[in-house]
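Reading the structure
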Amino acid sequence: MCGIVGYMGRSDSVSFLMEGLKRLEYRGYDSAGLAVHTGDALAVRKCVGRLAELENRLSEQPVQGRSGIGHTRWATHGEPSEINSHPHLDSSGRIAVVHNGIIENYQELRDTLEKQDHVFRSHTDTEVIPHLIEQERTDGAASFRDALLAALRKARGAYALGILSQDEPGILYAARLGSPLIIGLGENEYFIASDVPAVMNRVHGVIYLDDGEVAELKPDGVTVFKLDGTPTTPEIKTVDLQPEAAERAGFETFMLKEIHEQPRVLRALLEKHLDHANRIALPEIHAEPDYFRNLHRVMIVSCGTAYHAGMYGRLLLENLTGLAVEADLGSEFRYRSPKIDQNTLFIAVSQSGETADTLASVRLARDMGCRILAICNVPGSTLVRESDGVIFTDCGPEIGVASTKAYTAQLLVFALFSIWAGRLRNEISSDMEQDFVRALKRIPDAIHYVLERDRVIRDIADKHHDGPSALYIGRRYNYPTALEGALKNKEISYQHAEGYAAGEMKHGPIALINEYLPVVCICTRTADAVYEKMMSNMKEVEARHGRIIAVATDGDEAVLKLAEDIIYVPDTREELSPIVNVVALQLLAYYAAQARGTDIDKPRNLAKSVTVE
Ligand code: M6R
């Protein structure tokens, strides 16, 4: 969950380290630090809090050097404190390490090292790594590299590491096992980073390190080898992200920028998947049509917002393909005894492609014989590399911790995939496909329309933001929308929010309703099967003086009688309405958070990508 960067080249490393860390701050932000090889020694600067604190520290105590490593932390072992922030050093202060991941056997290693007189300063799992390397050196490893490899062979768990040795000023080491790490290739300069946006304006190519690989970066090149020392030939990939993709482009936050990017992102995604006859094309699935015709079952697994996308996918796939479809959370699925086999398609949904529970579930499903299809945003991510086929969401970097454009893109991918598979399995006709395609083409404009209601939504948020709690209800396709709206609200505004299936109201949550409780009711499309049911739920809330905020279809006057506030959205086919409706809820959460004065892009206790369990 932490962000790591490193530099080896002919310029001063510090400006890149700070710039790269700023781009990775979404990965963790409770403390930060760097270590630079000054030519004579390792200089370390670190502090608690945001990067701005580290900047202040550097202006008081400047440092320079042609190689360096940096870290922005999301605490796992040990509270956020200066002592626990990275880089960590060995006993002699000659080896510095930054780490993302968890060393699972750290206690055992630490106990052994302490018996060998190593003195630990922090409460982190990471600190065992520099001490282990130091010990391997003491025990006679022929070189620093040999000591590093021997140390890593003893560490269990997950790591992405950047390592500097005072005794080797011209070398930066990097290693990966289960946590993402890339090597950036620039002009006579080389970089390491947790994610491509950190380096994208400085490199012409990247290497995605594989699990169990170690890289040696020198001013004149990079070599990669395995933990047993055997060299490998890494594949160099080009970077086609534009540096502006990682900038705020005039918006006050990344989240607001990303909310506003949705019409463009979805239009491009749709165009990419329509052929010349306006039919849906998904060549990247890499499976024979017969595979889908003979399929029995689909299992969708994901976490957080991506899980809500999975719930939507379950409904739509079930409806359009006739397949038995199940959706589950990665953190639950991995501990089940699922009944899946080679006739089950396993769909993993993840913006980052690095979520630990999703990846563990993928590995379980693979072991049980399933074919793996990923819906993912990050090329080169672990999920992409471990899947048989990938449909990319193609959103560009999503930097705000709260997922927005990745979610609507995941929903759109599920819509495309369900229609495509439905036609292949003869569950829907070509005419029906064309109806869907026409409706899909209207989605970007419909979202644009919602974005233009920004002022109305802000006023509603201003009115309701200061209560202790809010309830979100919806049915069928918009039940996941209710869950997602509540999640957005709680994660960025810290207002307690519950999402519920509206049909469950009488089974408990109706007890919450009083004259103070805002109840967000998603009640679009008067023609939909569940519209009348939603109206009944709203009447129940109204009768108990709850404060209804309705998301309703333009022109629906019946809602006026029940709701205190209404966010009107364009009429959209029921199956696709969540893609539009959720945008209203993203903005509602956004302005509630703004009114409550939170740090919207970096909400407390959260990190963008949850790479540990
Ligand atoms: O990268 P992933 O899509 O796998 O991440 C899953 C969740 O951690 C993520 O959606 C999280 O819930 C977001 N903060 C929600 O806004």
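The structure presented is a predicted model; accordingly, all values stated were derived computationally and were not measured.

**Notes on the domain arrangement of the protein chain**
Put simply, an interface is often sized by how much accessible area is lost when its parts join up. Per the domain assignment, the segments of the protein chain are domain 1 (3–245), domain 2 (249–444) and domain 3 (453–598). The gap between the C-alpha centroids of domain 2 and domain 3 is 25 Å. The partner domain 3 presents 26 residues to the 29 residues of domain 2 that form the contact. Looking only at domain 2, the three residues that lose the most surface to domain 3 are His308, Tyr312 and Ile443, adding up to 21% of its buried area. Inspection of the region where domain 2 meets domain 3 yields zero salt bridges. The interface formed by domain 2 and domain 3 holds 10 residue pairs in polar contact (both at pLDDT 80 or more) in total. Every element with two or more residues in the side of domain 2 that touches domain 3 is listed here: helix H6 (254–260), helix H7 (262–272), helix H9 (304–321), helix H13 (405–424) and helix H14 (430–452). Per-element accounting of the side of domain 2 that touches domain 3 gives the leading share, eight residues, to H9. Partitioned by chemical class, the residues of the side of domain 2 that touches domain 3 number 17 nonpolar, 10 polar and two charged.

**Notes on the pattern of salt bridges**
In the structure shown here, the tally under the stated rule is 41 salt bridges. In this structure, a network of salt bridges that share partners links the residues Lys257, Glu261, Arg264 and Lys405.

**Comments concerning the packing of helix H1 (residues 13–24) against helix H2 (residues 51–60)**
Two elements in contact, H1 and H2, have axes separated by 11 Å at closest approach and are oriented at 165°. When the interaxial angle is binned, H1 and H2 end up roughly antiparallel. Our pair here, H1 against H2, has a crossing hand that is left-handed. Packed against H1, whose contacting residues are Val14, Met18, Leu21 and Lys22, the element H2 presents Leu51, Leu54, Glu55 and Leu58 at the interface. For the contact of H1 with H2, a count of residues per class yields six nonpolar, no polar and two charged.

**A look at the environment of leucine 58**
Examined against the element boundaries, leucine 58 turns out to sit in helix H2. Leucine 58 gets classed as buried once you look at its relative accessible area, which sits at 9%. Along the backbone, leucine 58 and valine 14 are 44 residues apart, and their C-alpha atoms lie at a distance of 9.3 Å. Beyond its immediate stretch of four places on either side in the chain, leucine 58 contacts Val14, Met18, Leu34, Arg45 and Val63.

**Observations concerning the nonpolar core**
Grouped together as the largest cluster of nonpolar side chains are 89 residues, with contacts concentrated most on Ile347 and Phe417. The element that contributes the greatest number of residues to this core is H13, accounting for 14 residues. When neighbours within four sequence positions are excluded, isoleucine 347 is seen to be in contact with Val298, Met299, Ile300, Val301, Leu317, Leu373, Ile375, Phe414 and Phe417. The next biggest cluster of nonpolar side chains, apart from the first, holds 31 residues, and it includes Phe16, Val36, Leu58 and Ala193.

**A few points about the sheet that holds strand E19 (residues 389–392)**
Taken together, the five strands give an open sheet; going across it, the order is E16-E15-E17-E18-E19, and neighbouring strands pair in parallel fashion. Strands with a single pairing partner mark the edges of an open sheet, and in this sheet they are strand E16 (324–329) and E19. The mean inter-strand angle of the sheet, taken between neighbouring strand axes irrespective of direction, is 20°. Note: strand E18 (residues 371–376) against E19, four bridges, orientation parallel. Along E19, the bridge assignment pairs leucine 373 with glycine 389. On top of the sheet, helix H11 (residues 356–367) reaches strand E15 (297–302), strand E17 (344–350) and E18; it is set at about 165° to E17, its chief contact. Relative to E17, H13 is tilted by about 155°, and along the sheet it contacts E15, E17, E18 and E19.

**Observations regarding the state of the cysteines**
Summed over all chains, the structure comprises zero disulfides. No disulfide involves cysteine 47; its sulfur sits 15 Å from that of cysteine 2, the nearest cysteine. The thiol sulfur of cysteine 370 is not disulfide-bonded, and the nearest other cysteine sulfur, from cysteine 303, lies at 17 Å. Relative accessible area serves as the criterion here: at 4%, cysteine 370 is assigned to the buried category.

How each quantity is defined
Residues numbered from 1 in each chain as written. Predicted model: local features only at pLDDT ≥ 70, side-chain atom pairs only at ≥ 80, totals over all residues. Heavy atoms only, no water. Domains from an automatic or database assignment. Contact = heavy atoms within 4.5 Å. Buried area = accessible area lost by both parts, 1.4 Å probe. Salt bridge = Lys/Arg side-chain N within 4 Å of Asp/Glu carboxyl O. Polar contact = N/O pair within 3.5 Å; in protein donor to acceptor, adjacent residues only side chain to side chain. Helix = DSSP H or I, 4+ residues; strand = E, 2+ residues; numbered from the N terminus. Nonpolar A, V, L, I, M, F, W, Y, C, P; charged D, E, K, R; others polar. Axes fitted to C-alpha atoms, helices over the stretch in contact; angles between N-to-C directions. Parallel < 35°, antiparallel > 145°, perpendicular 65-115°, else oblique. Left-handed = near helix turned anticlockwise from the far one by under 90°. Buried < 20%, exposed > 50% of the residue type's maximum accessible area, 1.4 Å probe, protein only. Core = buried A, V, L, I, M, F, W, Y, C linked by side-chain atoms within 4.5 Å. Pairing = 2+ DSSP bridges. Disulfide = S-S within 2.5 Å.

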